[in-house]
Amino acid sequence: MYDVEIIGTGSYVPENRVTNDDLSKIVDTSDEWIRTRTGIKERRISLTETTADLAVAAARRALDDAGVAAEELDLIIVATVTPDYFFPSTACFVQNSLGASRAACFDISAACTGFIFGLSIASQFIRTGMYQKALIIGAEALSKITDWEDRGTCVLFADGAGAAVIKRGDQGIISEVIGSDGSKGECLECPALPLKNVFIEAEEAKPPHAKMNGREVFKFAVNILPECILKILENTPYTLEDINHIIPHQANLRIIDSAAKKLQVDQAKFYVNLPSYGNTSSASIPIALDEMAKGKLIHKEDLLVLVGFGGGLTYGAMLIKWTIGGK
């Protein structure tokens, strides 16, 4: 079995900023209402760029950061719930744009935990020796499935992409856990195409919009985040005190606060960029990871925890030793 390390990160968000005050002009809400309930101040909403466009931009930056040519990639995984097409996969669009002709490509759907799922899947290919280098991307254009008349959800979601390059190398990814609870799937969902063909009568389909039972998702999240963090420390020599940074899915500041209190950990250990970007689903963790890396907030041999939850309901976490840069 081989070890796996992250060797580069990248992210990209649309230039168009939408503030809480901007939203108050199109739906019954206010800056104070949004900030006190979510912690979000603004978000990025695409005007022209598709999910694939966002993914490619983040991927290019991750490859540049890693010093890896696209032709070296063996695998590309894109985590997204907002693909531009049912098929081809978004990963195939990325492959073509990058010129990564050797790479096997596919998408996964694990909502906000998608990047962790993608990292976990890709790392198995590398551990077994099948592949040497992989590109994992979380990319979303959530604005196209947002109900802009529903103030309970439209204030949350946003667009963006984050990516990481991993390879066979040092022990970077130490421990991981992923899981799902399909019995709670209806708490956070977005319908696709209904059954409709020439042999049956069907009602006119409504545009697909994300729907959320905020109370149930909150209850799930504040319990599963601490559980996942403690789980990945099991069978390792590390404790919570050894962790330098926790990078959670950026969904709601109240959820992060509650998780910190449950763990009895200083909230400062949790990295938060939610006020600037909102909830970008599978892109939120890699955007935050890249922001920390580019801001030199992470140092070589720092211990990081990535942890998330999302529609499915899904959940997951990773314990990572940072192998980039100097001490």
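Anyway, here's the lowdown on the structure attached to this text. (Residues numbered from 1 in each chain as written. Predicted model: local features only at pLDDT ≥ 70, side-chain atom pairs only at ≥ 80, totals over all residues. Heavy atoms only, no water.)

Across the sheet, four strands lie side by side as E8-E13-E12-E11; this open sheet has mixed pairing. The strands lining the two open edges of the sheet, one partner per strand, are strand E8 (173-180) and strand E11 (245-248). Neighbour-to-neighbour, the strand axes of this sheet turn through a mean angle of 10°, independent of strand direction. One ladder, built from eight bridges, connects strand E12 (residues 303-310) with strand E13 (residues 314-321); its direction is antiparallel. Residue pairing for E13: Leu304 is matched across the bridge by Ile320. Lying on the sheet, helix H10 (residues 284-294) is in contact with E11 and E12; it crosses E11 at an angle near 145°. (Pairing = 2+ DSSP bridges. Helix = DSSP H or I, 4+ residues; strand = E, 2+ residues; numbered from the N terminus. Axes fitted to C-alpha atoms, helices over the stretch in contact; angles between N-to-C directions. Contact = heavy atoms within 4.5 Å.)

On to the pattern of salt bridges, then. Going through the model one piece at a time under the given rule, you end up with 13 salt bridges. Measuring nitrogen to oxygen at the nearest pair gives 3.5 Å for the salt bridge that ties Glu189 to Lys211. You can see Glu189 sitting in strand E9 (residues 188-189) and its partner Lys211 sitting in strand E10 (residues 211-212), a full 22 residues away along the chain. Put simply, Asp65, Asp290 and Lys294 are held in one network by salt bridges that share partners. (Salt bridge = Lys/Arg side-chain N within 4 Å of Asp/Glu carboxyl O.)

Let us look at the environment of Met318. Along the chain, the position of Met318 falls in strand E13. In this structure, the C-alpha to C-alpha distance between Met318 and Phe117, residues 201 residues apart in sequence, is 9.7 Å. Sequence-distant contacts of Met318, that is, excluding residues within four places in its chain, are made with Ile116, Leu119, Ser120, Ile173, Ser175, Glu176, Ile232, Leu304, Val305 and Leu306.

Interpretation note: all reported values are geometric properties and have no functional meaning in isolation.
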